[in-house]
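Coordinate analysis (summary)
The primary structure of each chain is shown beneath.
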Amino acid sequence: MNRLLKNKECNSLLGGLSADYRFFAPVRRAGRGRLSDTDLITYDQISSVEEIVWDEKTLRSAKEIMFPITETLMRFDQKTISQPSVVDNRGIVIFCRSCDIHAVSRLDKIFLDNGTSPDPYYERLREKIHFVLMECADPFKSCFCVSMKTNIPEKFIAAVREVDGGLKVLSQRRTLVDKLSTIGSECEFELHYPKQNGTEVFPPQTLDMPSELYDHEMWDEYSGRCIACGRCNTSCPTCSCFSVHDVMYDKDSGQAGERRRVWAGCHIDGFTDMAGGMEFRKSSGARMRFKTFHKIYDYRKRFGENMCVGCGRCDDICPEYISFSNCINKVSEQPGTQGESL
Ligand code: SF4
Ligand code: SF4
C-alpha cells in the first residue's frame, strides 16, 4: 500500500502509537558538532517527522540503540547478584537507510549467532526493534554501499520518502496497512535505490588472503598517521567490540558495585593488553591491518558477506584524513587478493 501523508498526519500517527513504540531517526543537535559552531547529526528519539534530517549523514550510527555505549550487566553486593531490567519496554522503530539496516544484520551475526548462545543483553533490545527505510536514491560522497551490496534493503516494516510537507509511505505490513488506509491519500511510490557509489571501492574477493600482505609495507603509513583516537571504531555501525569493567560503589569497603560493558575499539591503546604485560598489535599500522582484514576478509570467510557495509562514516570522521575506502582499494591492488567471488 502506498499513501501520501501530510506531516500533521504522520505526527498524529506517531503520537497514537507512542504508548507502544518509541521512534528514533537522524536528528540535528545544534552546536554539538566536533568543531565550534557546527551541528551534530545523530540518531535520537523523535516525536515529529519534521525533526528528521534527510540531507546529511549521521556521524554516529543507530547501533547504540541496541548496543549502548555503556551498559550495566549486573549489580552485586556480598549476598546478591541482580540483572537490571530494560527500563522502557515499548517497541523501537528506527528510521534509517539501507546500509544501516544491513549493519544491524552484521551485529546480529556477532551477538546472536557467533557463540554457543545469543548475547541476552543485545537480544532483549534487538527483539523490540523494527526499521522504517528512509529512501536513499543518491549516495553521499563517501558512501560505497553498492560495492558492499548493501544498497538494497532487507527486512523493513515500511519505507518512506520525504516530499514537500509530508511523507510518501509504502508498507505491506498488515497492521500498518490497516492504520494507513484510514489516513492520507493514495499515491504512486516506487522505491529507488543507489545504483552507484559516492566513492568507488573494489573489495578483495579472495577467501585465502596472501600471507605477504600481513607484513606489507602499506601498513607502515598508518603507523605514522593514525593517532589511535578510535573515532573510526565508535562511528562504525558494525564495530561490536567492548570491554568489561567492575565499578565499586564504595572503593574503601569494596562490598557492592556493578559490572558494565563499555564500547572498545581495535585502534585504541590498551585494546590488546594481556595479563603479564603482553600487548598484541602495538603499532597503529598493525591495528589498521587487523580492522581492515576483519571488515573485508575474516568476517566474510565466516559469514559469507563483508562486515563493512560501505557507509563511509570512518572516512568522514577521521581527524587524520585516513581513508578506509582507499585502504580497501590498496589491498585489492595486491596480487592474489581477487580469486573466488563472494
Ligand atoms: S565504511 Fe567504515 S564505518 Fe562504515 S561500515 Fe565500513 S568500516 Fe564501518
Ligand atoms: S579515526 Fe583515524 S586517527 Fe582515529 S583511530 Fe581511526 S584511523 Fe586512527
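Okay, so let's go over this structure. Every chain's residues receive numbers from 1 upward, in the order its sequence appears when written. Both sets of labels track the order of writing: A upward for chains, 1 upward for ligands. Residue-level local features of this predicted model are given only where pLDDT is at least 70; pairs of side-chain atoms are given and counted only at 80 or more, and the full residue set underlies all totals for whole chains, interfaces and linings. The side-chain figures draw on all heavy atoms in the structure; neither hydrogens nor water molecules are used.

This brings us to the sheet that holds strand S11 (residues 242-248). The pairing criterion is simple: DSSP has to find at least two bridges between the two strands. Put simply, DSSP marks the helices as runs of H or I at least four residues long and the strands as runs of E at least two long, and each gets a number from the N terminus on. Spatial ordering of the open sheet is given by S5-S4-S12-S11, a layout of 4 strands whose pairing is antiparallel. Looking at strand neighbours, the two that pair on one side only are strand S5 (81-82) and S11, the edges of this open sheet.

In the neighbourhood of ligand 2, the contacting residues comprise Cys226, Ile227, Ala228, Cys229, Gly230, Arg231, Cys232, His267, Cys318, Pro319, Glu320 and Ile322. In terms of residue class, the shell around ligand 2 is made up of 8 nonpolar, 2 polar and 2 charged. Being near a molecule or strand, for a residue, means having at least one of its heavy atoms within 4 Å of it. Ten residues, namely Ala, Val, Leu, Ile, Met, Phe, Trp, Tyr, Cys and Pro, are considered nonpolar, four, namely Asp, Glu, Lys and Arg, are considered charged, and the remaining ones, Gly among them, are considered polar.

A few words on the nonpolar core. Here, the term nonpolar core denotes a set of buried Ala, Val, Leu, Ile, Met, Phe, Trp, Tyr and Cys residues that are joined through side-chain atoms within 4.5 Å. Any residue under 20% of the maximum accessible area for its type is buried, any over 50% is exposed, and the rest in between are partly exposed; the area is computed with a 1.4 Å probe on protein chains only. The biggest cluster of nonpolar side chains holds 25 residues, and the ones touching the most others in it are Ile65, Met66, Ile94, Tyr122, Ile129 and Phe131. Breaking this core down by element, the ones donating at least two residues are helix H2 (63-66), strand S6 (91-96), helix H3 (98-112), helix H4 (120-126) and strand S7 (129-134). When residues in this core are grouped by element, the largest group, 4 residues, is from H3. Leave out the neighbours within four places in its chain, and Ile129 touches Ile65, Met66, Ile92 and Ile94. In terms of nonpolar packing, the next biggest core, distinct from the first, is built from 23 residues, Val27, Trp54, Leu167 and Val169 among them. Whether two residues are in contact is decided by their heavy atoms: any pair within 4.5 Å suffices.

With respect to the helices and strands, the residue Ser240 is situated in the loop between helix H7 (231-235) and S11. A residue is classified by how much of its surface remains accessible, and Ser240, at 11% relative accessible area, is buried.

This paragraph deals with the environment of Val262. Position of Val262 among the secondary structure elements: in strand S12 (residues 257-263). Separated by 168 residues in the primary sequence, Val262 and Ile94 have C-alpha atoms spaced 23 Å apart. Excluding its chain neighbours within four sequence positions, the residues that come into contact with Val262 are Ile69, Thr70, Phe242, Ser243 and His245.

A few words on the pattern of salt bridges. Only one rule defines a salt bridge in this text: a Lys or Arg side-chain nitrogen within 4 Å of an Asp or Glu carboxyl oxygen. Under the counting rule described, the total for this entry stands at 21 salt bridges. Residues Arg22 and Asp88 are paired through a salt bridge, measuring 3.6 Å at the closest nitrogen-oxygen approach. Of the two residues, Arg22 sits in strand S2 (residues 21-29) while Asp88 sits in the loop between S5 and S6, which places them 66 residues apart along the sequence. Judged by relative accessible area, which is 21%, Asp88 ranks as partly exposed. Across the pair Asp44 and Arg29 runs a salt bridge whose closest N-O atoms are separated by 3.0 Å. Pair noted here: Asp44 is in strand S3 (residues 40-46) and Arg29 is in strand S2, with a separation of 15 residues, a long-range link. By relative accessible area, Asp44 is classed as partly exposed at 29%. Looking at Arg29, the relative accessible area reads 22%, which means it is partly exposed. Because the salt bridges share partners, they merge into one network encompassing Arg22, Asp88 and Arg90.

Now for the site of ligand 1. If you check the shell around ligand 1, you find Phe144, Cys236, Pro237, Cys308, Val309, Gly310, Cys311, Gly312, Cys314 and Phe324 and nothing else. In terms of residue class, the shell around ligand 1 is built from 8 nonpolar, 2 polar and no charged.

Among the secondary structure elements, Tyr299 is positioned in helix H8 (residues 284-303). Given a relative accessible area of 2%, Tyr299 falls into the buried group. In this structure the C-alpha to C-alpha distance between Tyr299 and Ile110, which are 189 residues apart in sequence, comes to 9.5 Å. Not counting chain neighbours up to four residues away, the residues in contact with Tyr299 comprise Ser105, Arg106, Lys109, Ile110, His294, Gly304, Glu305, Asn306 and Met307.

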